[in-house]
Amino acid sequence: METDRRSLAVAALLCLVTATGCAGADDPADNAPHLVVEVVGTSPHDTQAFTQGLQINDGVLYESTGMPGESGVRATDRATGAELAGVQLPSPLFGEGIATAGDTLWQLTWKDGIAFARDPVTLAERGRVSYEGEGWGLCAGDGRLVMSDGSATLTFRDPVTFAPTGSVELQGRSSARLNELDCAADGSVYANNWPSDEILRIDPDTGEVLAVIDASGLLPPRERAGADVLNGITQVPGTDRFLLTGKYWPTMFEVRFVPS
């Protein structure tokens, strides 16, 4: 997820511009609805933020960032834009996805195998839990945590202990590399498919791909040249809108997903 991701983004671009894309003609995901993004609003985004996760909870926007020495979490008031709290991870820890579950905000690390349990108000560390494998994206819904590790597998975890409770494989998309996750209000999971501009809507109980969303074209070429991949998705509570951004992106987009 460091500099090697930039080179792999070239492969993703080739997938987007070819006629058939990266999925085979017999890919079950091809039968899922194909959607695009409709931008309904924008706001500035920190171009120094290597965004790893977004989460809105009780009017607070949480954002986690990565890179050694630059990883952390911050909480911002959605109404005013004021920063409410912020915390940095000690180097060389590499921060990843976040999720609020009850009175705990969980924060992943990439290859360090550590999940941090934090106070969602102060972001102070309450404890640490070890896990095996890589940590990429995280979200909370239906009384469980859902975690990605850069593969086509979603792992379920207990929201209190972080212990694994099960997993599901993505149907027909064995090559997918699920990254940042959002557990939507309807029970589905939205996942950035790294390193592309594709977002997958997934049934977490079956692994079925319910929709494929093309989020390309959000940044104009002059801005995309200095940015990294799309990464960061969270539903705006009580609406059909989502916030999207990316690593080092200058803009955060409020969007709807509409038929192509």
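Throughout this description, residue numbers start from 1 for each chain and increase along the sequence as written. Under the rules for a predicted model, residues below a pLDDT of 70 receive no local features and side-chain atom pairs below 80 are neither given nor counted, while totals for whole chains, interfaces and linings still include all residues. In computing side-chain values, all of the structure's heavy atoms are included and hydrogens and water are not.

A. Seen up close, the overall build of the protein. Note on conventions: DSSP H or I runs of at least 4 residues are helices, E runs of at least 2 residues are strands, and numbering of each starts at the N terminus. The helix and strand tally for the protein stands at two helices and 20 strands. Going through the 260 residues of the protein one by one, you find that 52% of them count as buried. Whether two residues are in contact is decided by their heavy atoms, any of which lying within 4.5 Å being enough. For the protein, the proportion of contacts with a sequence separation of at least 24, taken over those separated by at least 6, is 50%. With residues, only the protein chains shown are counted as cover, and all accessible areas are computed by Shrake-Rupley using a 1.4 Å probe. Summed over all atoms, the accessible surface of the protein reaches about 11,100 Å², with 51% contributed by carbon and sulfur. For every residue, the accessible area (1.4 Å probe, protein chains only) is compared with the maximum for its type, and the residue is labelled buried under 20%, exposed over 50%, or partly exposed between those bounds.

B. Broad picture of the sheet that holds strand β19 (residues 242-246). Spatially, the eight strands line up as an open sheet ordered β14-β15-β16-β17-β1-β20-β19-β18, and their pairing is mixed. Across the chains shown, the open sheet's two edge strands, defined by having one partner strand only, are β14 (178-183) and β18 (230-235). Averaged over neighbouring strand pairs, the angle between their axes works out to 30° when direction is ignored. Between any two strands, at least two bridges found by DSSP are needed for them to pair. Across five bridges, the pairing between strand β16 (residues 198-202) and strand β17 (residues 209-214) is antiparallel. In the sheet register, Arg201 faces β17, and the bridge partner there is Ala211. Only the contacting stretch of a helix is used when fitting its axis, a line to C-alpha atoms as for every element, and angles between N-to-C directions run 0 to 180 degrees.

C. Spatial organisation of the layout of surface pockets. Roughly 360 Å³ of volume is contained in the second largest pocket. Cavities and pockets are found on a 1 Å grid laid over the protein atoms alone: a cavity is a set of points where a 1.4 Å probe fits but cannot escape, a pocket is an open set with protein on both sides within 12 Å along at least five of seven lines, and a lining residue has an atom within 4 Å of such a point. Forming the boundary of the second largest pocket are 18 residues, of which Ser43, Pro44, Leu61, Thr76 and Met252 lie nearest the centre. The biggest single contributor to the lining of the second largest pocket is strand β1 (residues 34-44), with four residues. For this classification, Asp, Glu, Lys and Arg are treated as charged, while Ala, Val, Leu, Ile, Met, Phe, Trp, Tyr, Cys and Pro are nonpolar and the rest, including Gly, are polar. Residue composition of the lining of the second largest pocket, by class: five nonpolar, six polar and seven charged. Grid points are joined across faces, edges and corners, and a volume is the space filled by probe spheres set on the points.

D. Geometry of the nonpolar core. In this structure, Val37, Tyr190, Ile199, Leu244 and Phe257 are the most contacted members of the largest nonpolar core, which totals 19 residues. Breaking this core down by element, the ones donating at least two residues are β1, β17, β18, β19 and β20 (251-259). Val37 has contacts with Ile213, Asp214, Ala215, Leu218, Leu244, Val255, Arg256 and Phe257, leaving out every residue within four places of it along the chain. Among the nonpolar cores identified, the runner-up in size contains 18 residues, and Ala32, Phe156, Val168 and Leu170 belong to it. Among buried residues, the Ala, Val, Leu, Ile, Met, Phe, Trp, Tyr and Cys ones that are joined through side-chain atoms within 4.5 Å form a nonpolar core.

E. Quick look at the sheet that holds strand β2 (residues 51-57). Reading across the sheet, the four strands line up as β2-β3-β4-β5 and stay open at both edges, with antiparallel pairing between neighbours. Of all the strands in the sheet, the pair left with one neighbour each is β2 and β5 (83-88). Taken pair by pair, the neighbouring strands of this sheet meet at an average axis angle of 10°, ignoring direction. In this structure, β2 lies alongside strand β3 (residues 60-65), joined through six bridges in antiparallel fashion. Paired with Gln55 across the two strands is Tyr62, which belongs to β3.

F. Broad picture of the confidence of the model for the protein. Per-chain confidence: the protein averages 91 in pLDDT, with 89% of residues scoring 70 or above. Below a pLDDT of 50 lies the segment residues 1-26, which in the model reaches 36 contacts outside its immediate sequence neighbourhood of four places, other chains included. Scored from 0 to 100, pLDDT records how confident the predictor is in each individual residue.

G. Structural context of the pattern of salt bridges. The rule for a salt bridge is simple: a side-chain nitrogen of Lys or Arg has to be within 4 Å of a carboxyl oxygen of Asp or Glu. As enumerated under the stated definition, the model contains 12 salt bridges in all. Here Arg126 makes a salt bridge to Asp119, at a shortest N to O gap of 3.1 Å. Using a relative accessible area of 19% as the deciding quantity, one classes Asp119 as buried. Glu198 is paired through a salt bridge with Arg173; the nearest N and O atoms lie 2.7 Å apart.

H. Local environment of the pairing of β1. As judged from the three bridges shared by β1 and β17, these two strands associate in the parallel manner. Paired with Leu35 across the strands is Ile213, a residue of β17.

I. Geometry of the state of the cysteines. The disulfide criterion is simple: two cysteine sulfur atoms within 2.5 Å. Taken as a whole and assessed by the stated rule, the structure comprises one disulfide. For Cys139, the disulfide goes to Cys183, at an S-S distance of 2.0 Å. Disulfide Cys139 to Cys183: torsion about the S-S bond roughly 60°, handedness right-handed. One end of the pair, Cys139, is in strand β10 (residues 138-141); the other, Cys183, is in strand β14, with 44 residues separating them in the sequence.

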